[in-house]
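Per-entry structural report
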Amino acid sequence: MSKPCIITVAITGSVPRKENNPAVPITVAEQVESTQEAFEAGATLAHVHVRNDDGSTTSDPEKFGRLKEGIDKHCPGMIVQFSTGGRSGQGNERGGMLHHRPDMASLSTGSCNFPLRIYENPPELIEDLADKMMEYDIKPEIEAFDLSMLYQALRLADEGKIKAPLHVQFVMGVKNALPVVREALEFMVSELNRLMPDATWTGAGIGKDQLTLNKWSLELGGHCRTGLEDNIRFDKTRLAASNAELVKRVADMCGEYERTVASVAEARKLLGLRPAA
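Here is a short report on the structure shown in this document. From a predicted model like this one, the values you see are computed outputs, not experimental measurements. Residue numbers restart at each chain and count upward from 1, following the sequence in its written direction. Selection of residues for local features in this predicted model requires a pLDDT of at least 70, selection of side-chain atom pairs for listing and counting requires 80 or more, and totals for whole chains, interfaces and linings are taken over all residues. Water and hydrogen atoms were dropped before computing side-chain values, which therefore reflect all heavy atoms in the structure.

With respect to the sheet that holds strand 10 (residues 139-144)
Pairing between strands is defined by DSSP: at least two bridges between the two strands are required. Numbering of helices and strands runs from the N terminus, with a helix taken as a DSSP run of H or I at least four residues long and a strand as a DSSP run of E at least two residues long. The strand order around the closed barrel built from eight strands is 2-3-6-7-10-11-12-13, with neighbouring strands paired in parallel fashion. Ignoring which end each strand starts from, the neighbouring axes of this sheet average 25° apart. Here four bridges tie strand 10 to strand 11 (residues 167-172), and the two strands are oriented parallel to one another. In the strand pairing of strand 11, Ile-142 is matched with Val-168. We call two residues in contact whenever any of their non-hydrogen atoms come within 4.5 Å of each other. Between the N-to-C directions of two axes lies an angle of 0 to 180 degrees, each axis being a line fitted to C-alpha atoms and, for a helix, fitted only over the stretch in contact. Strands strand 11 and strand 12 (200-205) of the sheet are contacted by helix 5 (residues 182-195), whose axis makes an angle of about 165° with strand 11.

Some points on the pairing of strand 11
Buried means the residue's accessible area, taken with a 1.4 Å probe over protein chains only, is under 20% of the maximum for its type, while exposed means over 50%, and partly exposed covers the values in between. Where burial is concerned, most of strand 11 is hidden: six out of the six residues are buried. Side chains His-167, Gln-169 and Val-171 of strand 11 all project onto a buried face; the interleaved residues Val-168, Phe-170 and Met-172 project onto the opposite face, where all are buried too. Seen with its strands pointing away from the viewer, a crossover is right-handed if its path from the first strand over the helix to the second goes clockwise. Running through helix 4 (residues 147-158), the crossover from strand 10 to the neighbouring parallel element strand 11 is right-handed. Regarding the hand of the β-α-β motif, the stretch spanning strand 11, helix 5 and strand 12 is right-handed.

Structural notes on the environment of Trp-201
Inspection of the secondary structure assignment puts Trp-201 in strand 12. Discounting residues that sit within four places of it in the chain, Trp-201 has contacts with His-167, Val-168, Phe-170, Leu-185, Val-189, Leu-192, Ser-217, Leu-220, Gly-221, Gly-222 and His-223.

Okay, structure coming up:
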């Protein structure tokens, strides 16, 4: 029996703007519409950031609340995952929206270099975010930008600070962090399987490497992330028309690797989440 593939759509992020691709959704209304189109194309998990209407970054809890409400209404059962990333806010404000109780939230378990800055995740902040996720029954998605972050997440699970089994996203292709190396991904997946066999994982690639990680993840039994946050182009000849277009490409690829596209119910079961309301 083929293993269903959960397709995550990262709709906006903190970096791409309308000037880069007019399809990048900025306002809450645009984000809800774009997510609904991606949901209808096969995505069952939405990784979301929010923006100010001028496109600048924010961690505004009110916007996160409205976005979750819109996705819940228009995409029944879709898994909503809030970003607690460092580009949108500072310190504890990065978790200031978690009281809205999304199904999941991102959790980076270490610091690393990004193209023009240090992505700072000090131990006290990691534990504060983990505590809030535990308090609100939110499953973390571990964002692993290097190997050490995997081991730190496993340690946190061993100590009972985050719930097992883990769901880990291996992010490759960020300049100055993990390069896109097949052997590196295979090693990290093998370590996760060795140390927590019932864990799940997703591969995420940046820019042109989005498609590479989609293919590797399908082949190696993982799940896929796509979307305009990571990649504004469909190929080297043109921009992506929408988040939905990128999702449909992954959905169409699943059959090539004898995988099926996970339904909402299958995705929730695979990730150990509560059934949809």
